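Observations on the three-dimensional arrangement
Residues per chain, in single letters:
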Amino acid sequence: MQEVRLARAPCNDVVNLEGDANAEEKRQRQRGKGDKHKLSRNGRRGRLSTADKLKRAERTEKVFPEGVPYEECRRSHTRPVWRLEDGRAVLVAYEIYRGPKNQYGKIAGVLGRGEFGLEVIVQIAFMVYIVGLSFDKVCLLLGFLQNLHLKKSQADALLKRLAWHWQDEFDVLCTLLANSMVVHADETSWSINSVWALLSEKARVVLFGVHKDAATLEQILDPATFAGTVISDDAAVYANFSHSQKCWAHLLRKAIKLTLQEPNNQEYRQFTDRLLEIYRRACRVQRDGRLGDAGRSGKVAALDDEILELCAPLWALDLPPLEEGPENDYRLLVNEVMRLMLDKQLFTFVTAAAVVQPNGASQPVAGTNNEAERTLRNPAQARDTGRANKSTVGARRQTIIVSVLESLRVYLKTFTLNSIMAEIERWRRSGQSCFRKLLHTMKLPVPTKSPLDTLLPVPDG
């Protein structure tokens, strides 16, 4: 067979590297004309200078120091700041004026020497920590919806700045929490240790990356000094509070689980139906406006008798632990319900007075801990999908920002970006936040030490 050879096109063995490099540099320079970043002397893209940013500003505003006549001031410098106006990003050039005694004008809604308005940072914090979006998605949304182009590193730096700015407000919230009437408490595992939700009518404190033990709870809600009511599950860490309300939802879920495991067992079904009816009757007694304190106490005594009638037949047998399964779960549930009834932790919500929130709304005490569980839903989903913090510094930052934002939700009648910014601007004008104002009204001392220094210490360096 004759061999067939394919002809190959000739190729150049020598490549003009210098020409290719020059061509690539030329293409980068052409792209850089309309890009956000310009090319530096070495051909790489760098940050825009302040002069270039000022050229792109849509308008100029003058900022004078407060209390100083305009004619006595002279212009010091000009700072470009990105603001959100009418749903889009606007670059504003602020001319900062200086007074005769070296007083400087301060830009409203801007942290220190930052180049982004506080409304931008709060919006990022809400989308990252409350909604649960990643930095990548937040940056894409800002660019698409508001034409504000940020890098992940910039968004991360802005949140660090916000956490530092709100550190003192978080400490005030911890003091208000420790002096509340009712606290909903719940915890779950997290990427670092656990996340803990402590919610009251005065403050919302959400701790990320802390240990699930009595020492953590003592730092925020010391059982020896807390005089309010704690609504929680039956975990041992909550055993030392003098006024407790155990979550009925936990008990009912355990009872319903028994009926699902053995649907033909009439004893389990009757127990579940009766337990649910007792809880519903307790809720009706709580809502009955015709009853006074003595009347409600009498109704609670009757409810205790119903619990005794329901659980006494099995509880009196004092059965030893059985093999794992529905029968042993039923024994444990009956013993738990009887123990909580004898400890006066089942119907505390019936006789407790309604709490008044800072926004003026009156709310009865709940018999379940569902509010704290809902607060932990997003952190639990972030944990399961690997979107949680991996460092103590990040956990501390998230703790501060989430606690302040969730507390503002309680204080404001409408929880929107505009209402938050209006409240923060009021803080600046009055010199104190709404949290500090309530602290002063309650005649409580301003905290001098942060519990985070013990729970989430910042590593050296």
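Considering the sheet that holds strand S4 (residues 74-85)
An order of S3-S5-S4 is seen for the 3 strands of this open sheet, with the pairing classed as mixed. The open sheet has two edge strands with one neighbour each: strand S3 (59-63) and S4. Pairwise comparison of adjacent strand axes, ignoring direction, gives a mean angle of 30° for this sheet. Of the strand pairs in this sheet, S4 and strand S5 (residues 88-98) are connected by 11 bridges, and their pairing is antiparallel. Bridging from a neighbouring strand, Arg74 pairs with Arg98 of S5.

Regarding the pattern of salt bridges
Per the counting criterion, the structure on display carries 29 salt bridges. Across the salt bridge formed by Arg59 and Glu61, the nearest N and O atoms sit 2.8 Å from each other. With a closest N to O distance of 2.3 Å, Glu306 and Arg281 form a salt bridge. Taken as a pair, Glu306 in helix H10 (residues 293-315) and Arg281 in helix H9 (residues 266-287) lie far apart in primary sequence, 25 residues in all.

Observations concerning the confidence of the model for the protein chain
Put simply, the protein chain has an average pLDDT of 89, and 90% of its residues get 70 or more. Taking the mean pLDDT of every element in the protein chain, the minimum, 47, falls on strand S1 (residues 38-39) and the maximum, 97, on helix H6 (residues 167-178). Throughout residues 1-21 the model reports pLDDT below 50, and contacts reaching past four residues in sequence, or to other chains, amount to 1 contact. Taken together, the stretch residues 33-44 has pLDDT below 50 and engages in 24 contacts with residues farther than four places along the chain or on a different chain.

Quick word on the pairing of strand S8 (residues 204-210)
Among the 7 residues of S8, 7 are classified as buried, and the element is accordingly described as predominantly covered. Hairpin connection of strand S7 (residues 194-200) to S8: 3 residues between the antiparallel strands.

Overview of the packing of aromatic side chains
Under the criterion given, the structure shown has 13 aromatic pairs. Note on Trp196 and Tyr238: the rings are 6.4 Å apart at their centroids and 85° apart in plane angle, and the pair reads as edge-to-face. Placement of Trp196 in strand S7 and of Tyr238 in the loop between strand S9 (229-232) and strand S10 (244-246) is noted, with a sequence separation of 42 residues between them. There is no split in this pair, since Trp196 and Tyr238 are both buried. Seen from their ring centres, Trp427 and Phe435 are 5.7 Å apart, and the 65° between their planes marks the pair as edge-to-face. You'll find Trp427 and Phe435 in the same group, each marked buried. Taken together, Trp248, Tyr279, Phe347 and Phe349 form an aromatic cluster joined through their ring pairs.

So, the pairing of S9
Side-chain alternation along S9 places Thr229 and Ile231 on one buried face and Val230 and Ser232 on a second face that is also buried. Inspection of the sheet shows strand S6 (residues 182-189) paired to S9 by 3 bridges, in the parallel sense. Across the sheet, the residue bridging to Val183 is Val230, located in S9. Bridge analysis of S9 against S10 gives 3 bridges, and the strand direction is parallel. Counted as the bridge partner of Ile231 is Gln245 from S10.

Definitions and limits used
- Residues numbered from 1 in each chain as written.
- Predicted model: local features only at pLDDT ≥ 70, side-chain atom pairs only at ≥ 80, totals over all residues.
- Heavy atoms only, no water.
- Pairing = 2+ DSSP bridges.
- Helix = DSSP H or I, 4+ residues; strand = E, 2+ residues; numbered from the N terminus.
- Axes fitted to C-alpha atoms, helices over the stretch in contact; angles between N-to-C directions.
- Salt bridge = Lys/Arg side-chain N within 4 Å of Asp/Glu carboxyl O.
- pLDDT = per-residue confidence, 0-100.
- Contact = heavy atoms within 4.5 Å.
- Buried < 20%, exposed > 50% of the residue type's maximum accessible area, 1.4 Å probe, protein only.
- Phe/Tyr/Trp six-rings, centres within 6.5 Å; stacked < 30°, edge-to-face > 60°.

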